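Architecture at a glance
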Amino acid sequence: MTQAVQSEIYNYIKQNEHVIEEYIEKLGSFGRLSEGGIVRPVYSDQWFAAHRQLADWMAEAGLEVRADAVGNLWGLHGRKSAGKGYASGSHLDTVKEGGKYDGGLGILAALAAIRFLKELYGEPRLPLEVVALCEEEGSRFSKTFLGSRAITGTLPAEELDENRDAEGISVAEAARACGFNPAQLDSARRTDLAGFIELHIEQGRLLDDVKLEVGIVQAITGTRHMTVTFDGQADHAGTTPMDLRSDALVAAAQAITNINAIALKMGRPAVATVGKLSIEPGATNIVPARVVMTVDMRHSEPDKKAFLICQVEQACRTAAATQRVEVTFEREMDRIPAQMSPEIINLLKATADELGISNMAMVSGAGHDSQVVVEQIPTGMIFVPSKSGRSHSRAEYTPLDQILPGIAVLAQALYKLAY
Ligand code: HGY
Ligand code: MN
Ligand code: MN
């Protein structure tokens, strides 16, 4: 590709940076709390309003817009009859009180890149698609990667009826309430894509610390989510001697302290997090009978991930035995570490270098839809910096001038692939 084309695309992005900024601010308003932070669980009113806004933007950009059986929103530029094309995007849902870049920025980067390529060069040789994936975080339903698993045909149909939110509403019921048709789940599978690229904030502090413009993701860490239940015995807080109690909360507290120590001792990138905990019956004067907690464990090396999980489960068993309580485990999600596709990694690296955009190879500590998509479709990821590494927090922030280089690499790469 000529130097002229490269600068033309990057210059056009810079000339239209206000479009990108408006996209980010408006999308970030859907589910935004007065005190900051966004709550946009899949199929919620806020999520559906954001979904419709994206559909409008895609239509305004001249893309052919459609929602699939589970609500993944697609914007097509070009003709599918021309051959296997390329998609780019990320997830539309957010974590509780999340930021406005996690997921949303990947959708908007793809929309801007494909819109600008259309404005500059018209019809592509191969089709290009923006995709807003319906759900990734597992904020509303305990299972994650709903949208990308539908696309890869790895979402079991029964999960749509069995997986329910805190109000007992199933995925299928919530999807139907938005007008989607989850019974047609099979039709959401995509076997006609030659590649997928996801732009995402790093959600860590490496790029910000070393002041590089983009990360070229080599691999995504492996994650296990499990629910641990400690079953003790409710008793009178005043009359039950300490040495005769089966206190579920004391067992959980002992386990949590040891879980933290295990991951610390293993060293980076091992991580283990107890993010949710509930106590029953939950009264000042009753010895806790039951504690249910979630544990998130991650490592980029499969054997070390297995070792971490084994150590954590052992810590829970030891704590339970010490407090004379029972402990049970339920696996919620388990993803092996995912290697990104060499051909896409090489394309992104070469494109960043050609553009003079500083870059480094990185491993993602965060999970992404790309780790699901890559199982079936050549996939790569572009990271842009996160200020001070903050994410899954209202403090999440990336200045616009640190977003544009990532979009330039994305747009350039899509140009090379499809024009
Ligand atoms: O948890 C994660 O790593 C991702 O944000 N879902
Ligand atoms: Mn996230
Ligand atoms: Mn994300």
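Below: a short report on this structure. Along each chain, the written sequence defines residue order, and numbers are assigned to residues from 1. Written order decides the labels, with chains lettered from A and ligands numbered from 1. Totals for whole chains, interfaces and linings use all residues, but because this is a predicted model, local features are given only for residues with pLDDT of at least 70 and pairs of side-chain atoms are given and counted only at 80 or more. Only hydrogens and water are removed before side-chain values are computed, so all heavy atoms of the structure are retained for them.

A separate point is the coordination of the manganese ion (ligand 3). The donor set covers N, O and S atoms within 2.8 Å of the metal, switching to 3.2 Å for Na, K and Ca, and it leaves out water, so a site may look short of donors. Distances from the manganese ion (ligand 3) to its protein donors, namely His91 (NE2), Asp102 (OD) and His200 (NE2), fall within the range 2.1 to 2.3 Å. Separating the manganese ion (ligand 3) from the manganese ion (ligand 2) is a distance of 3.5 Å, and aspartate 102 supplies a donor atom to each of them. Remark: histidine 200 occurs in strand β5 (residues 193-201) and histidine 91 occurs in strand β3 (residues 85-91); sequence separation between them is 109 residues. Taking the relative accessible area as the measure of exposure, histidine 200 reaches 2% and is therefore buried. The helix and strand labels rest on DSSP assignments: H or I over at least four residues marks a helix, E over at least two residues marks a strand, and numbering proceeds from the N terminus. Any residue under 20% of the maximum accessible area for its type is buried, any over 50% is exposed, and the rest in between are partly exposed; the area is computed with a 1.4 Å probe on protein chains only.

With that settled, consider the state of the cysteines. By disulfide we mean two sulfur atoms from cysteines, separated by a distance within 2.5 Å. For the structure shown, the criterion picks out 0 disulfides. Counting only cysteine sulfurs, cysteine 178 is the nearest neighbor of cysteine 134, a cysteine outside any disulfide, at a range of 9.9 Å. Between cysteine 310, a free cysteine, and cysteine 316, which holds the nearest cysteine sulfur, the sulfur-to-sulfur gap is 12 Å. A relative accessible area of 48% means that cysteine 310 is categorised as partly exposed.

What follows covers the coordination of the manganese ion (ligand 2). Bound to the manganese ion (ligand 2) are the protein donor atoms Asp102 (OD), Glu137 (OE) and His392 (NE2), situated 2.0 to 2.2 Å from the metal. Sequence spacing of the donors to the manganese ion (ligand 2): D-x34-E-x254-H.

Time to look at the packing of helix α2 (residues 17-27) against helix α3 (residues 45-60). Fitted lines through C-alpha atoms serve as axes, helices being fitted only where they are in contact, and the angles separating the N-to-C directions of these axes extend from 0 to 180 degrees. Interhelical geometry of α2 versus α3 gives an angle of 160° and a closest axis separation of 11 Å. Classified by the angle their axes make, α2 and α3 are roughly antiparallel. Pair α2 / α3 crosses with right-handed handedness. Each of Tyr23, Lys26 and Leu27 in α2 lies in contact with α3, whose residues at this interface are Ala50, Gln53, Leu54 and Trp57. Any angle that is under 35 degrees is reported as roughly parallel, and any over 145 degrees as roughly antiparallel; angles of 65 to 115 degrees are reported as roughly perpendicular and all others as oblique. Helix crossings fall into two classes, left-handed where the near helix is turned counterclockwise from the far one by less than a right angle and right-handed where it is turned clockwise. Should any heavy atoms of two residues lie within 4.5 Å, those residues are counted as being in contact.

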